[in-house]
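The chain contents come next:
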Amino acid sequence: MHRPAGGRVSRAAVVLRSLSLPLVAVVVAGVALLVGPAPTAAAHDAVLRLVPADGTAVASATTTVRLELSEPPRPGLVAVRVIAPGGRQVAGAPKIDGTTVTVPIEAAAAGRYQAAYRVVSQDGHPVSGTWTFTVRGAAAASPTVTAPPSAQPSAAATTTPVAAESDEGSRWGTTLLLVTLGLLAAVGLFAAVAWRGAVRRRREE
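How each quantity is defined
- Residues numbered from 1 in each chain as written.
- Predicted model: local features only at pLDDT ≥ 70, side-chain atom pairs only at ≥ 80, totals over all residues.
- Heavy atoms only, no water.
- Helix = DSSP H or I, 4+ residues; strand = E, 2+ residues; numbered from the N terminus.
- Buried < 20%, exposed > 50% of the residue type's maximum accessible area, 1.4 Å probe, protein only.
- Contact = heavy atoms within 4.5 Å.
- Areas by Shrake-Rupley, 256 points an atom, 1.4 Å probe, with all protein chains shown as cover.
- Patch = residues over 30% accessible without salt bridge, like charges linked within 9 Å, V, L, I, M, F, W, Y side chains within 5 Å.
- Salt bridge = Lys/Arg side-chain N within 4 Å of Asp/Glu carboxyl O.
- Lys, Arg positive; Asp, Glu negative; His and termini not counted.
- Charge placed at Lys NZ, Arg CZ, Asp CG, Glu CD.
- Pairing = 2+ DSSP bridges.
- Axes fitted to C-alpha atoms, helices over the stretch in contact; angles between N-to-C directions.
- Phe/Tyr/Trp six-rings, centres within 6.5 Å; stacked < 30°, edge-to-face > 60°.

### Side note on the overall build of the protein
The helix and strand tally for the protein stands at two helices and eight strands. Along the protein, from the amino end to the carboxyl end, the secondary structure elements read α-β-β-β-β-β-β-β-β-α. A buried classification covers 28% of the 205 residues belonging to the protein. In the protein, the proportion of contacts linking residues at least 24 apart, taken out of those at least 6 apart, comes to 69%. If you sum the accessible surface of the protein, you get close to 12,000 Å²; carbon and sulfur atoms cover 62% of it.

Listed below in structure tokens is the structure:
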């Protein structure tokens, strides 16, 4: 028996309503993942300030170098090396005071000094980097230098000193964006196939 057109339209409307709820749920979940909090990369230590600053020159020999961090590092897992113009390691043992690391150095010779650091965050993430500074004059007196720290910084440290955070947050955001777009595309394809099937069944009736 032939059914009225209104019944066919109602069936198509029911199909569309049944598909709309899962589609909305997937879209909301994808947006929540995309704008939600990233992993704990922001909790890693970052070097906020170096003293002397990278690339600067001091009028006379300095007796210490200082790192100011965003979070207190793990005690015993801080290493700083300072190489004098002649190639000698002149840094002593680092002293930690909250988020500040102070290292005595023997910088009696004028010239360019190369420094490297490696600190470990409270969450276990290592942060390393290098910087240079120049001493223009000779020091009047040098502090007593103790043995260098046991934990040595990586010779291949490439992290930018002031911006030492990893880029895990950006990679996480990109991954979430791709996953969300894939889910939306899959749901759109499913909705199109279901719609075509409903239209075909309506025509057959």
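### A word on a positive patch on the surface
Judged by side-chain charge, Arg196, Arg200, Arg201 and Arg203 come together as a positively charged surface patch. Here Arg203 lies in helix α2 (residues 168-204). Classification of Arg203 as exposed rests on a relative accessible area of 71%.

### So, the pattern of salt bridges
For the coordinates displayed, the defined rule picks out three salt bridges. A salt bridge links Glu68 to Arg66, with the shortest nitrogen-to-oxygen separation between them at 3.4 Å. When its relative accessible area of 26% is taken as the criterion, Arg66 is described as partly exposed. For Arg88, the salt bridge goes to Glu106, with nearest N and O atoms at 3.5 Å.

### Looking at unusual backbone geometry
A cis amide bond links Val51 to the next residue, Pro52, at an omega of -5°. By the element assignment, Pro52 lies in the loop between β1 (47-51) and β2 (56-58).

### Considering the sheet that holds strand β8 (residues 126-135)
Across the sheet, four strands lie side by side as β2-β8-β7-β4; this open sheet has mixed pairing. With partners counted over all chains shown, the strands left at the sheet margins are β2 and β4 (78-83), one partner each. The sheet shows a mean angle of 25° between the axes of neighbouring strands, direction not considered. Across 10 bridges, strand β7 (residues 111-120) lies against β8 in antiparallel orientation.

### Topic: the pairing of strand β6 (residues 100-104)
Bridge count between strand β3 (residues 64-69) and β6: five bridges; the pairing is antiparallel. Looking at the pairing, Val65 lines up with Val103 of β6. Pairing between strand β5 (residues 95-97) and β6: three bridges, direction antiparallel. Opposite Asp97, over in β6, you have Thr100 as the bridge partner. Where β5 folds back on β6, the antiparallel hairpin that results is connected by two residues, among which Gly98 adopts a positive phi of roughly 70°.

### Comments concerning the sheet that holds β5
Reading across from one edge, β1-β3-β6-β5 is the order of the four strands in this open sheet, with antiparallel pairing throughout. Every interior strand has two partners, whereas the edge strands, β1 and β5, have only one. Direction aside, the axes of adjacent strands within the sheet are offset by 15° on average.

### Some points on the environment of Thr62
Tracing the backbone shows Thr62 in the loop between β2 and β3. A relative accessible area of 17% means that Thr62 is categorised as buried.

### Remarks on the packing of aromatic side chains
Here the structure, examined in full by the defined rule, presents two aromatic pairs. Between Tyr113 and Phe133, the ring centres sit 5.5 Å apart and the planes meet at 5°, which makes this aromatic pair stacked. A residue pair is termed long-range when its members are at least 10 positions apart, and Tyr113 in strand β7 and Phe133 in strand β8 qualify at 20 residues. The exposure class assigned to Tyr113 is buried, which follows from its relative accessible area of 0%. Given a relative accessible area of 1%, Phe133 falls into the buried group. Considering the side-chain rings of Tyr117 and Trp131, the 6.1 Å spacing of their centres and the 50° angle between planes classify their relative orientation as tilted. Of the two residues, Tyr117 sits in strand β7 while Trp131 sits in strand β8, which places them 14 residues apart along the sequence. A residue is classified by how much of its surface remains accessible, and Tyr117, at 0% relative accessible area, is buried. Trp131 sits in the buried class, given a relative accessible area of 2%.

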